[in-house]
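Structural overview
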Amino acid sequence: MLSRGFYTRRGILFVLVCTDLLKHSTSYTVSDANKIHKLLFNQTDEGYNKLVLPDYPVNVSAEYNFLALNSLDIKEQILETTGWFTVVWNDSRLSWTKSLYGDIDYIYVPEYTVWHPELIVQNSILELRKNLGAEQTVRIQYNGEVRWEPPAVLSTSCDMDVTYFPYDSQTCDIELASWGFPADVVNLEFFKTHINLEEYRPDGEWDLVTISQQTSNLTEDELVFAELLFRMEFKRYYGHYLMSVIFPTILTAVLTFVTFFLPLESGDKIGYILTVLLALVVLLTLFSDNMPTTSKHTSVLVVFLTVTLGMACLVIIFTIFIIRLFHQPEHDKAPKWMHYLARKFLKLKCRAGRINHLAHLDQSQIIENDQPKDGRVCLESSKPFTPYTNKELAEFFDYFLFGIFTVLFILVLLCFPIVLSTSR
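About the criteria used
- Residues numbered from 1 in each chain as written.
- Predicted model: local features only at pLDDT ≥ 70, side-chain atom pairs only at ≥ 80, totals over all residues.
- Heavy atoms only, no water.
- UniProt positions renumbered as here; feature names shortened; annotations may be inferred.
- Helix = DSSP H or I, 4+ residues; strand = E, 2+ residues; numbered from the N terminus.
- Core = buried A, V, L, I, M, F, W, Y, C linked by side-chain atoms within 4.5 Å.
- Buried < 20%, exposed > 50% of the residue type's maximum accessible area, 1.4 Å probe, protein only.
- Domains from an automatic or database assignment.
- Contact = heavy atoms within 4.5 Å.
- Expected span 1.5 Å × (residues − 1).
- Polar contact = N/O pair within 3.5 Å; in protein donor to acceptor, adjacent residues only side chain to side chain.
- Disulfide = S-S within 2.5 Å.
- Salt bridge = Lys/Arg side-chain N within 4 Å of Asp/Glu carboxyl O.
- Axes fitted to C-alpha atoms, helices over the stretch in contact; angles between N-to-C directions.
- Parallel < 35°, antiparallel > 145°, perpendicular 65-115°, else oblique.
- Left-handed = near helix turned anticlockwise from the far one by under 90°.
- Pairing = 2+ DSSP bridges.
- pLDDT = per-residue confidence, 0-100.

**A word on the UniProt feature "transmembrane region" (unreviewed entry) in the protein chain**
Annotation from UniProt places "transmembrane region" (unreviewed entry) at residues 241-264, 270-288, 300-326 and 399-420. The span residues 241-264 shows a helical share of 71% and a strand share of 0%, and its end C-alpha atoms are spaced 38 Å apart.

**Concerning the nonpolar core**
Counting residues in hydrophobic clusters, the biggest one holds 97 residues, and the most contacted among them are Tyr 64, Phe 66, Phe 85, Ile 140, Met 232 and Phe 234. Here this core takes 14 residues from helix α5 (residues 300-326), the largest share from any one element. Three or more residues apiece are contributed to this core by two domains, here domain 1 (30-236) and domain 2 (240-338 + 388-422). Once you skip the residues sitting within four places of it in the chain, Phe 66 turns out to touch Thr 81, Thr 82, Ile 195, Asn 196, Leu 197, Glu 199, Tyr 200, Leu 208, Met 232 and Phe 234.

**Re α5**
Counted at 1.5 Å a residue, the expected span for α5 with its 27 residues is 39 Å, and the 38 Å between its end C-alpha atoms agrees. For α5, the N-terminal cap is Ser 299; the gap from its side-chain oxygen to the backbone nitrogen of Leu 301 is 3.2 Å.

**Examining the side chain of Thr 156**
Its place among the elements puts Thr 156 in strand β7 (residues 151-157). Contact partners of Thr 156, with chain neighbours within four places excluded, come to Gln 77, Ile 78, Leu 79, Val 121, Asn 123, Ser 124, Ile 125 and Asp 173.

**What to know about the state of the cysteines**
Per the stated rule, a full pass over the model turns up one disulfide. Disulfide pairing places Cys 158 opposite Cys 172 at an S-S distance of 2.0 Å. One quick way to see it: the torsion about the S-S bond of Cys 158 and Cys 172 is about -85°, and its sign makes the bridge left-handed. Of this pair, Cys 158 sits in the loop between β7 and β8 (169-178) while Cys 172 sits in strand β8, placing them 14 residues apart in sequence. For the residue pair Cys 158 and Cys 172, the accessibility class agrees, reading buried in each case.

**Some remarks on the pattern of salt bridges**
Scanning the model with the defined rule gives eight salt bridges in all. With its nearest N and O atoms 2.7 Å apart, the salt bridge here joins Asp 168 to Arg 236. Here Asp 168 is found in the loop between β7 and β8, whereas its partner Arg 236 is found in strand β11 (residues 223-236), with 68 residues between them in sequence. Residues Glu 205 and Arg 236 are paired through a salt bridge, measuring 3.2 Å at the closest nitrogen-oxygen approach. One end of the pair, Glu 205, is in the loop between β9 (186-190) and β10 (206-220); the other, Arg 236, is in strand β11, with 31 residues separating them in the sequence. Using a relative accessible area of 4% as the deciding quantity, one classes Arg 236 as buried. Here the salt bridges share partners, and the residues they tie into one network are Asp 168, Glu 205 and Arg 236.

**Some points on the packing of helix α3 (residues 239-257) against α5**
Running from amino to carboxyl end, α3 crosses α5 at an angle of 15°, the nearest separation of the two axes being 9 Å. Taken together, α3 and α5 sit at an angle that is classed as roughly parallel. The chirality of how α3 crosses α5 is left-handed. The residues of α5 that touch α3, namely those facing Val 245, Ile 246, Thr 249, Ala 253 and Thr 256, are Leu 301, Phe 304, Leu 305, Thr 308, Ala 312 and Val 315.

**Side note on the side chain of Thr 81**
One can find Thr 81 in strand β2 (residues 78-90). Among the polar contacts listed, one links the side chain of Thr 81 to the side chain of Tyr 64, at a separation of 3.2 Å.

**Re the pairing of β8**
Within β8, seven of the ten residues are buried, which leaves the element mostly enclosed by the surrounding structure. Examined bridge by bridge, strand β4 (residues 119-121) and β8 share three bridges and lie antiparallel to one another. Following the sheet pairing, Leu 119 is matched in β8 by Ser 178.

**Description of the confidence of the model for the protein chain**
On average, residues of the protein chain score 78 in pLDDT, and 79% of them reach the 70 mark or higher. The least confident element of the protein chain, judged by mean pLDDT, is helix α1 (residues 4-25) at 48; the most confident is β2 at 93. Counted against residues more than four places away or in other chains, residues 13-26, with its pLDDT under 50, gives zero contacts. Scored below 50 in pLDDT, residues 352-377 shows 17 contacts in the model against residues more than four places distant or in partner chains.

This is the structure we're talking about:
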């Protein structure tokens with residue numbers, strides 16, 4: 001059986017807990033709050049006047065709470081964000097003794113009731129307002145600390161760099177300035193050492209890489225105004241663009257030099273390369289419409305498409321000449337340089353094939369003039385020069401240009417990812 005003292009101790013503990021709860025539940029009363037408001041905002045000459053600044057210089061601390069990235073418009077170079085600012089300063093006129101007013105820590109008043117700094121977002125593309133938000137609630141603490149948290153759904157200008165699109169990253173600033181009062185009257189400083197990301201919701205297209213803060217000054221008519229820069233760097237997720245932009249662009253570019261595979265007898269060579277050319281023009285138009293209309297930064301992808309488009313135009317020009325040569329009557333002889341180029345190239349090809357063939361022969365099968373005894377002699381080296389027919393020249397140049405454009409495209413294709421990789 002438990003002792004009587006045990007129940008006595010439990011009863012005393014229960015009474016103390018109830019007393020403590022009752023004390024906290026009755027710490028705030030409407031009458032005490034009314035007394036505080038009457039104390040702070042009485043209408044006498046010695047009372048509070050919101051048109052009068054606190055003891056200055058007023059140190060105003062600001063923090064940007066980043067909530068979400070709404071959009072990052074590359075074309076218009078606009079950053080749209082959602083968040084809010086936390087602005088804190090001290091006004092000694094707005095203080096009271098807690099013990100005399102029911103231990104009330106703080107009260108809330110409308111924004112227009114008290115003095116507050118004139119803050120604007122300097123790089124906003126919307127109409128600049130004197131204050132961030134209108135008729136917001138301000139919290140006043142018993143020691144005179146005033147806390148103002150205006151919402152900030154912002155559209156700010158940002159200089160976009162699309163050189164390495166879609167492997168690009170963009171750095172944008174939100175410029176908060178005290179335009180109403182110079183720096184010697186209202187001094188802006190950071191409330192914390194970094195942007196608040198506690199409520200940040202990640203975006204599906206852009207990754208927030210780094211954040212930083214920096215102070216700056218604005219000068220107007222020999223007056224210096226304080227400014228705070230909230231800097232954010234976003235890096236694009238390139239997976240979507242890799243499948244929908246990069247691969248289709250490369251595959252379409254490959255189709256340009258495949259034109260030389262078509263036989264000269266068919267009439268589809270010109271129609272085929274024109275179709276590929278139109279596809280490249282459509283891709284280039286789509287990408288150009290999404291890029292900023294500025295010459296400061298040029299996308300590597302647009303340069304690659306432009307070079308490929310130029311190569312496709314050259315393929316069309318050469319194809320037209322080759323088809324014309326193929327159907328030209330034999331009595332219209334081609335220029336001598338064509339015959340000379342064809343003969344030189346065929347000699348080199350024959351010599352390379354002959355050297356490869358000699359590599360598999362014994363020394364006993366080779367005579368002094370370096371000709372094989374089995375009678376296989378390169379005809380281009382042994383027969384006297386005779387002009388080629390127009391059809392032979394057309395077939396030669398069709399084959400020759402296929403090799404030239406293949407090498408050129410491979411070089412361009414290798415330069416494209418190498419340049420893009422430098423962005424990392």
